[in-house]
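Here's the letter readout for the chains.
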Amino acid sequence: MEGHGCSKYFGFSGCCGGDKRKISEKVVLRVNSQVSQNNNIHSTGEEEEGEEKKVIGRNMESTLKSLRDGESVLDLSPRSTVSGGVEDVYGEDRATEDQLVTPWTFSVASGYSLLRDPQYNKGLAFTEKERDAHYLRGLLPPTVSNQSLQEKKLMHNIRQYQVPLQKYVAMMDLQERNERLFYKLLIDNVEELLPVVYTPTVGEACQKYGSIFRRPQGLYISLKEKGKILEVLKNWPERSIQVIVVTDGERILGLGDLGCQGMGIPVGKLALYTALGGVRPSACLPVTIDVGTNNEKLLNDEFYIGLRQNRATGQEYYELLHEFMTAVKQNYGEKVLVQFEDFANHNAFELLAKYGTTHLVFNDDIQGTASVVLAGVVAALKLIGGTLPEHTFLFLGAGEAGTGIAELIALEMSKQTKTPIEESRKKIWLVDSKGLIVSSRKNSLQHFKKPWAHEHEPVNSLLEAVKVIKPTVLIGSSGVGKTFTKEVVEAMTSNNDKPLILALSNPTSQSECTAEEAYQWSEGRTIFASGSPFDPVEYKGKVYASGQANNAYIFPGFGLGLVISGAIRVHDDMLLAASEALAKQVSEENYKNGLIYPPFSNIRKISANIAANVAAKAYELGLATRLPRPQNLVEYAESCMYTPVYRNYR
């Protein structure tokens, strides 16, 4: 170790001052203590210095080689695999609190670095022994705390904020400071914090992302990186990536084109992959593809962090996306899940169709939304009666979400009735900005709307469509708020004893109607669920609690199921399996309260069941690569889940 070589591998400064031999020795003994014990090289005053240097040198060389090759430096069983065959390098999934682990080498070399590494920092929870072992003396106040007390203090602090965006910033700061504590808070307080780190607050966060931007989270791949995307992926410090969430920022929630500032969505989604689905954070990668923005307000904003140009389209756009998809597969392998998020309609369908046969890809807006809504509809049948094929559906909105939901419902109907899907589609009607989608409009329709163009006279408004189609289920996915008017809800109620109304658009400001409006205008008869959360509503002395048709019910467990089975492709039957698993989690007590979704407090159990169902379907379809198949997939899914309790460092 000559010159500054040690700082290159161990990340501490000042290594060339003082006794270099002693520092080198400390690093070897602390980093690779198992090797040290096996070779009996603990230094004593009686050893010959020359022999000692040779032994230390050999072990240093071995250690550095193993680090470069991605080997573990832990005292755990060698080459252990978990979660679809990806190495659990740091024992994050299986280690218990009393099992000693050593964090990554540069962290143990300097206490100051350790306190600033969110993956390993425990703050005041470092024990007296750890403070001595990892050079933390004097860098922390003398009090030794624990994770429970830290959690209690932070929840108290977060609850003091009145503005949701302040809570969001506080949570993001915590994630950048102490990763395990962040996930512990989120898991233990999921119903309270989910609206903070995800919808609706994440929408406002994306709008103001340039102003609140502090530290990069994830990879930004812009047109500047064209031809170098594989190199950019290699800049990411983690090698064993299992899930990538990628957006191009063109259609963020119902807020439109937010360009590079759409990064808040992949970051938020992956936080839920870990908290709700148990995919470990080191295996998650948020990505934003920046091809510019057509949002003039952002282009003129001095704090905007993205490319200041109008969006690239056509060949330039698709070449960049193709390079990205090719590089991802080359760098991370066949089994990495790529989740497309908030792409505009014209790109979303094309990307899903293009890469669905060559990559493990999933579009949450098309497929995840469809799966969670189908689960809600299936669960609601216990309250509204009848079988799925007996109901008539009317959608407001014929974009990614609307057509995706409609297609999955039609698929399930077709499966139940054993009839062609074309027949099932006839029970489903869609309204877009130009009115009811009918066959006379077929020539002017986008390709994904054409299957829904049925024989009927033109109908210009939603209200008129409700009156003539007489649907039993009304679903809003338009991204336009206040479109389920009093007249529309009253028309639904006049046609049905218990109408099912789903106002799915996010964030809250874009919801087709509020829970209060739905219950009041239907005189308490509607079964209601929304995309964003609403407080319980009191109407004529009775309290109505509405469900939340949130994609967070589906995608974390769905992704976990793909990972633990080592799936190489996504199949529609996997989406049906996820819907079925979610619908089964609704209890009788939930039904008594008018709920068609289970409470989020049970989300990890729900995700494990969804993961097991999805994995089982992957094995059944021959798309799973993790063999042999585990006997109990629910137990296996639970065993693979990341747990955020602190580890004790040696």
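Numbering of residues begins from 1 in every chain and follows the order in which that chain's sequence is written. Two thresholds apply to this predicted model, a pLDDT of at least 70 for residue-level local features and 80 or more for giving and counting side-chain atom pairs, whereas whole-chain, interface and lining totals are computed over all residues. Neither water nor hydrogens contribute to the side-chain values; these are computed over all heavy atoms in the structure.

In the nomenclature of an unreviewed UniProt entry, the protein corresponds to Malic enzyme from the organism Phaseolus vulgaris. The UniProt entry for the protein carries this comment under Sequence similarities (unreviewed entry): "Belongs to the malic enzymes family." UniProt positions are given in the numbering used here, feature names are shortened, and annotations may be inferred rather than shown by experiment.

When a carboxyl oxygen of Asp or Glu is within 4 Å of a side-chain nitrogen of Lys or Arg, the pair counts as a salt bridge. Enumeration according to the criterion identifies 25 salt bridges in this entry. One salt bridge connects Lys382 with Glu588, and the closest N-O pair in it is separated by 3.8 Å. Linking Lys382 in helix α19 (residues 364-384) with Glu588 in helix α27 (residues 588-592), this pair joins segments that are 206 residues apart in sequence. Relative accessibility decides the category of a residue: with a 1.4 Å probe and only protein chains considered, values under 20% of the type maximum give buried, values over 50% give exposed, and everything between is partly exposed. For Lys382, a relative accessible area of 59% puts it in the exposed group. The way it works is that DSSP assigns letters per residue, a run of H or I at least four long becomes a helix, a run of E at least two long becomes a strand, and they are numbered from the N terminus.

Before going further, it helps to spend a moment on the sheet that holds strand β6 (residues 284-290). Only when DSSP finds a minimum of two bridges between them are two strands counted as paired. Strands sit in the order β4-β6-β5-β7-β8 across an open sheet of 5 strands; the sheet is parallel. Looking at the sheet topology across the chains shown, the edges are occupied by β4 (219-222) and β8 (361-363). The mean angle between the axes of side-by-side strands here comes to 25°, regardless of whether they run parallel or antiparallel. Bridging between strand β7 (residues 337-340) and β8 involves 3 bridges; their strand directions are parallel. Bridging across to β8, Val338 finds its partner in Val361. Contact criterion: two residues are considered in contact whenever any of their non-hydrogen atoms come within 4.5 Å of each other. Simply put, an axis is a line fit to the C-alpha atoms, just over the touching stretch for a helix, and the angle between two N-to-C directions goes from 0 to 180 degrees. Together, β4, β5 (243-247), β6, β7 and β8 form the strand contacts of helix α17 (residues 314-332), whose direction differs from that of β6 by roughly 160°.

Every buried residue of helix α29 (residues 633-640) is accounted for by Leu633, Tyr636, Ala637 and Cys640. Take α29 and look down its axis: the buried residues cluster within an arc of 100°, on one side only. The N-capping residue of α29, defined by a side-chain oxygen 3.2 Å from the backbone nitrogen of Val634, is Asn632. Relevant arc is that of directions from the helix axis to the C-beta atoms, nothing else. Under the rule applied, a polar contact is a pair of N or O atoms within 3.5 Å (in protein, one hydrogen donor and one hydrogen acceptor; residues adjacent in sequence only if both atoms are side-chain atoms).

Now for the nonpolar core. Residues grouped as a nonpolar core are buried Ala, Val, Leu, Ile, Met, Phe, Trp, Tyr and Cys residues, joined through side-chain atoms within 4.5 Å. In terms of nonpolar packing, the biggest core is built from 127 residues, with Phe393, Ile475, Phe558 and Ile596 touching the most fellow members. Broken down by element, this core gets its largest block of residues, 11 residues, from α19. Each residue touching Phe393, except ones within four places of it in the same chain, is listed here: Val377, Leu388, Ile409, Met413, Lys427, Ile428, Trp429, Pro471, Val473 and Ile475. Ranked by size, the runner-up nonpolar core spans 36 residues in total, among them Leu219, Ile229, Val232 and Tyr318.

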